[in-house]
Every structure is written in structure tokens, then in C-alpha cells.
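# Examining the three-dimensional arrangement
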Amino acid sequence: MAQVGYLRRLFTQPHRVIQEINDRHGPVVLLGAGPARLAILGDPAVISDLFTEPTESFRWNHRFNTLAQWVGEDSLLTSDGADHRRRRRAVQAGFSRRRISGWIPMIRRETDASIDRLVESLDGTRATVDLYPVGRSLVLEIVLQVLGGPRLAQRAPEVDAQLRMLQDFIELPALRQLPLPIPGGPRARVQEARRTLDRIVDDEIARIRINPDGDERNVLESLVTAGELTDAEIRDQVITLIGAGYDPSSASLAWILLRAAATPGLWDRLAEEADAAFGPVEDGTPPGTSGSLDLADRTVRESLRLHPPGAFGARETVVDVIAGGYRIPRHTLVAWSTHLAGRDPQYWSDPLRFDPDRHLNPTPEQAALARMAWIPYGGGSRNCLGFALAQIELSLILARFAQRLRLEPVGSEVPQPTRRSRPQGGAPLRGTPRGETPVDR
Ligand code: HEM
């Protein structure tokens, strides 16, 4: 009976329930029976073992993966086996280190434009602003520039409207996401949003075929000219990348700003580091790397440890799997929890304390434990393909916000996460341009 309650609530209040299951029954739990079997893994050593199992032992295109309705059947997130390997190879070529370095000036430019708009709206006053939508527009602009350059980025408002509809759908209780053909229902709205996104991406593919930009940083253009994927496959990957680059990054950015602004002394240290890395704001912003933004990088890491997007990742076993000495029968949905791993007291001292310096000069033993328990981007052959981009992007945005703005918390409570891991209530912060004496609004 308790099991049915857990299963029902796990998909409506995932963070709370997964923590409750862990506290009551331990970090490795098998729930349900027959075709509705679920293994919850919170022990970092067991998860680490899971990541080293052959990819063929699992399937991502399982019956509970409702994402296919909007990322498409050919998406990396919903494909398996040889198709997945081929698609991943093609997309990964677009995210090389060299390309990511080439995007840094654009990320800085977009971040500055976003801060300029914010400063203008503050108009010399100290006002409370919800930085969640501000950050969401910024990361959308960045991912569209990465994928399709300025032309695709021009369509950001249209794309944003569709993504919000899809985001609302993903936030629905799991049962309401099941593919029931009800006219005007949530599924019909998702299909319409998806068709609009298809048209936007198709326009761009057609334009590249006639008149390529010749910009080697443009991921969509590189996919079209490489000729390894069909147009339908390219479309599904681009929509996947827009969603993957939008939803987790914007939720993470909201947490990063909230936690960095609320940790005593941290915001000033971030601002000093950014001054040293970028030079004074008035001198303009010469292109730079995030190499010297060590504190910003650690702050991002610490925030992702405590507030990873998603309470757990999911895959289904297609054969019996042994992970960390536990036997997981085939046809079990495995929920590995980055949320639990990041808060495990065996791996992190005083785990709920927000402390970016815990990642500074770790002993070899601490570093080995952290490698196992810091898994916001997953691990193994299906790890996050945008990991390096996300880490650099979030560190740069944080550093530039700290250099140009003073942000102060409006309350002392750490908010609860929504089902999709955004902070409940957004990211309200009191903002002032740095160095100005504000008037309270
Ligand atoms: C803070 C930001 C992000 C976090 C925490 C994050 C996390 C994750 C996680 C946990 C997975 C699943 C791993 C698994 O199922 O084992 C994943 C997959 C993926 N992510 Fe990210 N992600 C982020 C940003 C991005 C960005 C910016 C992009 C690209 C623009 C991206 C592209 C992808 C793709 C394509 C996959 C599927 C990989 C595959 O199945 O082969 N992600 N991400």
C-alpha cells in the first residue's frame, strides 16, 4: 500500500518523495512488481557502477518516456542502439572544445545585452526582480545562436512561446501526459507547438541548403553539410538541443543566482574575480576565456550539486543488471538520483551547506568521492552532450552578473523545487547596478 502511494507521489513531488524513500528504506530500493517495477538508486557507488554497464543493457525509449511526443522519435533522448550512436556522433562533432571557445564572445555579448535591459528597467532604483524569466530568455538566446546563428536567434520570441507550452505539458502529472487522443487536450496543444517548431527549423534547413552562411560555429549548418543525418533526424536533434539547452540551464541559472546572492561574502568575491578576469567594465570587454573564473565555476558546481535539474534520470533495463552488487531484474525502470547523490552525507561533509570552497584543493580521497557523487550531467556513454557548453555558459553569466550588479536576497528561506526542479516562486532578488547608490522602489 505504501508502495502505491510512493509510486503515485514520485511523479508529482519527486524531490520530496525520493528523499523520503531514501531516509526510510536506504539508498537502493526496488518498488512494485511485474511490468511496473521501479529501482531507485541514490548510492553514488551503485550509480557509478550503473554508468559503466554496457549501454545495450538499457533502453531510453521505454514506455514511461513521454518526451517522444515533443522531442520526436528520432531524438537522441528517445533513441537506442546503433541509431543512437550514429546520431550522437553527428551531434557531438558540433560541440567540440574549439567551437565552444568560439561561442564565448557571443555568450558575453548576449549576457551584457540582458544586463543592460535589466539596468535600464531598474532606472537607478533598488527593486525586486524575478531573475528566472530574465535568465530563461538569455539562455534561449544563447542556445539559438549556438545552433543556428543570429537568424535562428531572431525567432527567439516565437520559439519561447512554443517551449513554454511544452514546459507546461512536462509539468503536468505523468498520467495526464499519456498519449490520449483528446481534441484540444494537453497532447493536442503539444502537437501544435511541436509543428510550429518544426516549421521554424525546416525553414532554416531549407535556407542553409540554398544559401549557407559558411559559419563553422553554427551547429545546424554543420549537421546539414555533414550529410550524415536525414532532415527529419536533424530536425529532432535541433528541437532536442533547444529544449535541453533551455530548460535545465534556465532552472540551474535561477538557483545559482539565488544561492550566490544569499551566501555571505560570496557575491563580492565573485565580483572581484570577474574584475580581474574581464578588466574594468568601462574598458569594454576583450574576448576572454573562463579559465580564470575559478570561483564562478565552483559556485556553479556547488549549485548543481544541491539543485540539479531533475530529481532523477531514468532508463529501463533490457537484461538483468548487477550494479554495486545489487541485482536489478530486466524490464525495471531505473531511477538514478543525482539529487540524492549530491546530498549524501557519506560523500559530502555538512551536505546542505552551500559552500563553493568545498571544491577547492580537495585531497585525492575527497576528489575521488566527489567524482562519484557529483553527477548532475549524468555519466557513461549517455552523459550530457552539452556539459562543457553549460558549465562555461553558466560560469560566464554568473561572473558578468556579479561584476555589473549587486544582487541581494529578499528572504532567508531556500525555496522548494518545482516538479521540474525550478525554484518555486522563481528567483526574486533585489538588484542595483554595482557602484551606484540606489533609491529603494
Ligand atoms: C545545467 C545544464 C544541464 C544539465 C544539468 C544537463 C543534464 C543532463 C542529464 C542528466 C542528461 C541525461 C543523462 C542520462 O540520461 O544518462 C542530459 C542529456 C543530454 N543533454 Fe544535458 N544538461 C544540461 C544542459 C545541456 C545543454 C546546454 C545541452 C545542449 C545544448 C544539452 C544537451 C543534452 C543532450 C543532447 C542529451 C542527451 C544525450 C544522449 O542521450 O546521448 N544539455 N543532460
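Residues numbered from 1 in each chain as written. Predicted model: local features only at pLDDT ≥ 70, side-chain atom pairs only at ≥ 80, totals over all residues.

Attention now goes to the sheet that holds strand β5 (residues 313-317). Sheet architecture is open: 5 strands sit in the order β1-β2-β8-β5-β3, paired in mixed fashion. Only two strands of the sheet have a single partner each, and these edge strands are β1 (28-33) and β3 (58-59). Relative to strand β8 (residues 332-336), strand β2 (residues 36-41) runs parallel, the two sharing 5 bridges. Considered in β8, the bridge of Leu41 is made with Trp336. (Pairing = 2+ DSSP bridges. Helix = DSSP H or I, 4+ residues; strand = E, 2+ residues; numbered from the N terminus.)

With that out of the way, let us pick up the site of the ligand. Surveying the vicinity of the ligand reveals 25 residues, the closest of which are Ala244, Gly245, Gly378, Cys384 and Gly386. At the level of elements, α11 (231-262) and α16 (387-404) are the ones that each hand at least two residues to the shell around the ligand. Of the residues forming the shell around the ligand, the biggest block, 7 residues, is contributed by α11. Residues belonging to the shell around the ligand are distributed by class as follows: 15 nonpolar, 8 polar and 2 charged. (Near = placed C-beta within 6 Å. Nonpolar A, V, L, I, M, F, W, Y, C, P; charged D, E, K, R; others polar.)

Here the focus is the packing of helix α9 (residues 186-210) against helix α10 (residues 219-226). Direction vectors running N to C along α9 and α10 enclose 60°, while the axes themselves pass 10 Å from each other. At the point where α9 passes α10, the crossing takes the right-handed sense. Contacts from Glu204, Ile205, Ile208 and Arg209 of α9 reach α10 at Leu220, Glu221 and Val224. (Axes fitted to C-alpha atoms, helices over the stretch in contact; angles between N-to-C directions. Left-handed = near helix turned anticlockwise from the far one by under 90°. Contact = placed C-beta atoms within 7 Å.)

The next thing to look at is the pairing of β5. Most of β5 sits out of view: 4 of its 5 residues are buried. Inspection of the sheet shows β3 paired to β5 by 2 bridges, in the antiparallel sense. For Phe58, the partnering residue across the bridge sits in β5 and is Thr317. Pairing of β5 with β8, which is carried by 4 bridges, proceeds in the antiparallel orientation. The partner of Arg315 across the bridge, within β8, is Val334. (Buried ≥ 20, exposed ≤ 12 C-beta atoms within 10 Å, placed from the backbone.)

Membership of the largest hydrophobic core comes to 69 residues, with the highest contact counts inside it found for Val143, Leu147, Ala254, Leu257, Leu270, Leu398 and Ala399. Sort the elements by how many residues they give to this core and α11 lands first, with 16 residues. Setting aside chain neighbours within four positions, we find Val143 in contact with Leu241, Ile242, Gly245 and Tyr246. Counting residues in each nonpolar core, the second largest holds 28 residues, with Ile40, Ala45, Ala311 and Ala323 among its members. (Core = buried A, V, L, I, M, F, W, Y, C linked by C-beta atoms within 7 Å.)

Attention now goes to the confidence of the model for the chain. Chain-level statistics for the chain give a pLDDT mean of 91 and a share of 94% at 70 or above. Mean pLDDT values over the elements of the chain span from 70, in strand β11 (residues 439-440), up to 98, in helix α14 (residues 338-341). Note that residues 285-291 has pLDDT below 50 and, in this model, 14 contacts with residues that lie over four places away or in other chains. (pLDDT = per-residue confidence, 0-100.)

Strand direction decides the pairing type here: β1 and β2, joined by 6 bridges, are antiparallel. Each bridged residue has a counterpart across the sheet, and for Leu30 the counterpart in β2 is Ala39. Between β1 and β2, which follow one another and run antiparallel, lie 2 residues, and Gly34 among them has a positive phi close to 55°.

When you line up the elements, Pro264 lands in the loop between α11 and α12 (266-278). The exposure class of Pro264 is exposed, given the 6 C-beta atoms found within 10 Å. Put simply, Pro264 and Pro248 are 16 residues apart on the chain and 26 Å apart in space, counted from C-alpha to C-alpha.

So, on to the environment of Phe11. By the element assignment, Phe11 lies in the loop between α1 (2-10) and α2 (14-25). Residue class for Phe11 comes out partly exposed when judged on the 15 C-beta atoms lying within 10 Å of it. For the pair Phe11 and Ala311, spaced 300 residues apart in the sequence, the C-alpha separation amounts to 10.0 Å.

To continue, consider α16. Compared with the 26 Å implied by 1.5 Å per residue over 18 residues, the 26 Å span of α16 between its first and last C-alpha is a close match. Most of α16 sits out of view: 15 of its 18 residues are buried. (Expected span 1.5 Å × (residues − 1).)

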